[in-house]
2 protein chains.
Amino acid sequence: MDKKDILVNHADLQNFSAALFEKAGLSPENADFFAQSLVDINLWGIDSHGVLRLPIYVKRLKSGACNPKPNLRTVKSAITLEVMDGDNGPGQIVGRAAMERAIELAKTYNFGIVGAFHSNHFGAAATYSRMAAAQGMLGVSMTNVVQNVVAPGGSKPIIGNNPFSVAVPTYGKFPFVLDISLSAVSGGKLLLASKKGEKIPLDWGTDKFGKPTDDPDVAFNGFLLPVGAYKGLGLAYVIEILTGVLTSGVFLDGMKGMYKYPDDPSLTSHMMMAVNISAIMDPGELEKRMTEFTQKIHSSPMWDEKQEMLIPGELEHRTMQARKANGIPLQMNLYEELTSLATELGVPATLSKM
Amino acid sequence: MDKKDILVNHADLQNFSAALFEKAGLSPENADFFAQSLVDINLWGIDSHGVLRLPIYVKRLKSGACNPKPNLRTVKSAITLEVMDGDNGPGQIVGRAAMERAIELAKTYNFGIVGAFHSNHFGAAATYSRMAAAQGMLGVSMTNVVQNVVAPGGSKPIIGNNPFSVAVPTYGKFPFVLDISLSAVSGGKLLLASKKGEKIPLDWGTDKFGKPTDDPDVAFNGFLLPVGAYKGLGLAYVIEILTGVLTSGVFLDGMKGMYKYPDDPSLTSHMMMAVNISAIMDPGELEKRMTEFTQKIHSSPMWDEKQEMLIPGELEHRTMQARKANGIPLQMNLYEELTSLATELGVPATLSKM
């Protein structure tokens, strides 16, 4: 953290955020879940997707661009497959409902997929995959996002960096959780390189015309490249098909990003999948095998002693333990933005510094 | 193709290969499928995984390292989820049976997953995902492979470059087919850079100690790096869990690669998944949407006029059309190896040059 950061208690931040969401029109229960999802993301250390986004979410709920009281409806139901109309509700509320339903289907059929359309930005994909893992199931979550990745050789973005997450229960201290997006790097990593005065590899980003650049500032004002060139590009297409195409939602240029179109529904689509592993493997056996899997990775030798061999989800677990104990760091301007927003909305909640 | 390459007719190559597999102990039907899978891979242009591998497959069938007459048994069955014991049979025969069964499950429940263990090298992942797409279903196929990828900072390979494929029917000239592995590049690309005398990016491969190198020859004798560093690494772990861990097969260092252990079963595991899309979207509507999806990608502007915006599977389709018309190019030494093998096995089949 920066020296100027403010440390806040995670439970305080949760109550504060929930009060704002409730004031913005959400039901108390939905406000709680939405707030929890953002605070969890901060606890995992993914500050780009936590309460940093609270102001724009609240603004869109207040303006009605995002529907605070969506009427979620199942519009297609075919044994293990379902499609839900999100009624332009918050992605967090639509995403949770879709994953809850996928888990229900998996309780009956050992497997469920629920697609959702007419949704909005859903935060972090891991929020939903972890719901399945918490119930002993393998969970997969994904979303399309507005076009922000240029194909190698292309002049303008063709696809989003469509994030996805896979979570697997381990019955240990934390679940296995992969949560990645399909650009080579995030915009944040370009800013970091710029701050350090470093050049960037030519496969990270392009200028405004789609031409590869090693200048992080040029790339930040240009476009992202897909991770692993055609590999990440192809996988982003797959996610676009599983979300926008197969749910009957919009896809590719049909979406409206919340920053560029703050007053419109984003028309985002998600896909949630749950697999009831216990139907084919006892939890005890899974625990044994995942422990062995993790131990083999942990004990693999490193030439770089400053690095550690971790499994996906491990770093987030450590950060969560530390931040629960010591507080969540917020940049001063974000802290001020949040407290001003509370005042503006007439919310009495306070956000004490630790 | 190289000037010294031999062109052979794809149907001749298919008959020739099937005769060899039958002589190696496979049933006529299994020999046909195995041969077809390899010739298809050559038709798609993936020469590294086509009949180039025929000699080692035949050798392993003859020695019994790979069981030519496997007794495939379903050992776990739980509505939409099944696990199959491959009885150390060829990956192509086990993989086909697993995907056929997943498709059957999807005909009943709109979804099926079949995992398989005690299998061997299965060729290309697309062979199986395409089976689902040919029946109007979305298909996913994956396999673990022997550890060949080093984690950034690690001294030795920890995971395979676990390939996977996703196929989606388009009802157009060819299906959407993504088929990738999770190393940054293949060994073949390192050889190509070496031939051209080019340096390679530092995130492609390492020396024998796991340290990044820009020398393609050093990397070829060292290890591969995962595509997109921790992103590809994490996804390779996911595939290892879905194959080796959840099928009750072996994982990570438990496998025995066919080149290092030619006389042992490889103990490979696969996972096949089929989704009956037509249960939630009419084929006509899917065709319309996939056509729109493809057209939007095709018509996206390029700054590099030498490149084209293709969808996954398109290049393979073009190559197949060309090679069906003009023949499949085989390097002279491979052509000679194949014809010698036929003589050695006493197979009367010939492989005429076009």
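Q: How do you make sense of the overall build of chain A when you look at a structure like this?
A: Helices and strands together make up the secondary structure of chain A, namely 11 helices and 11 strands. At 20 Å, chain A has a C-alpha radius of gyration in line with the 20 Å of a compact globule built from 354 residues. In chain A, buried positions account for 58% of the 354 residues. Only carbon and sulfur atoms are counted for the fraction: they give 52% of the accessible area of chain A, which is about 14100 Å².

Q: Even after reading the chapter, I still don't get the side chain of R323(B), so can you show me in this structure?
A: All names here are of chain B. For R323, the location among the structural elements is in helix α10 (residues 314-326). Classification of R323 as buried rests on a relative accessible area of 13%. Residues within four places of R323 in sequence aside, it is in contact with N42, L43, G45, D47, I328 and P329.

Q: Whenever I open this one, helix α3 (residues 54-63) of chain A confuses me. Can you help?
A: Working note: α-helix, 3.6 residues per turn, so residues spaced by three or four point in the same direction. All names here are of chain A. Here α3 lies mainly inside the structure; 7 of its 10 residues are buried. Turning to α3, its buried residues are L54, P55, I56, Y57, V58, R60 and L61. Those residues of α3 that are buried lie in contact with α1 (10-23), α2 (28-43), α4 (91-109) and α11 (332-345). Positive backbone phi, approximately 85°, marks G64, located one or two places after α3.

Q: Mind showing me how you'd approach the packing of α3(A) against α11(A) here?
A: Angle between the axes and distance between the axes are the two parameters that describe a pair of packed helices. All names here are of chain A. Remark: α3 packs on α11, axes separated minimally by 10 Å, with the N-to-C direction vectors making an angle of 25°. Relative to α11, α3 is oriented roughly parallel. Judged by residue contacts, L54, P55, V58 and K62 of α3 engage E337, L338, L341 and L345 from α11. Residues of the contact of α3 with α11, tallied by class, amount to 6 nonpolar, no polar and 2 charged.

Reading the values: rules and limits
- Residues numbered from 1 in each chain as written.
- Chains lettered and ligands numbered in written order.
- Predicted model: local features only at pLDDT ≥ 70, side-chain atom pairs only at ≥ 80, totals over all residues.
- Heavy atoms only, no water.
- Helix = DSSP H or I, 4+ residues; strand = E, 2+ residues; numbered from the N terminus.
- Rg over C-alpha atoms; globule rule 2.2 N^0.38 Å.
- Buried < 20%, exposed > 50% of the residue type's maximum accessible area, 1.4 Å probe, protein only.
- Areas by Shrake-Rupley, 256 points an atom, 1.4 Å probe, with all protein chains shown as cover.
- Contact = heavy atoms within 4.5 Å.
- Axes fitted to C-alpha atoms, helices over the stretch in contact; angles between N-to-C directions.
- Parallel < 35°, antiparallel > 145°, perpendicular 65-115°, else oblique.
- Nonpolar A, V, L, I, M, F, W, Y, C, P; charged D, E, K, R; others polar.

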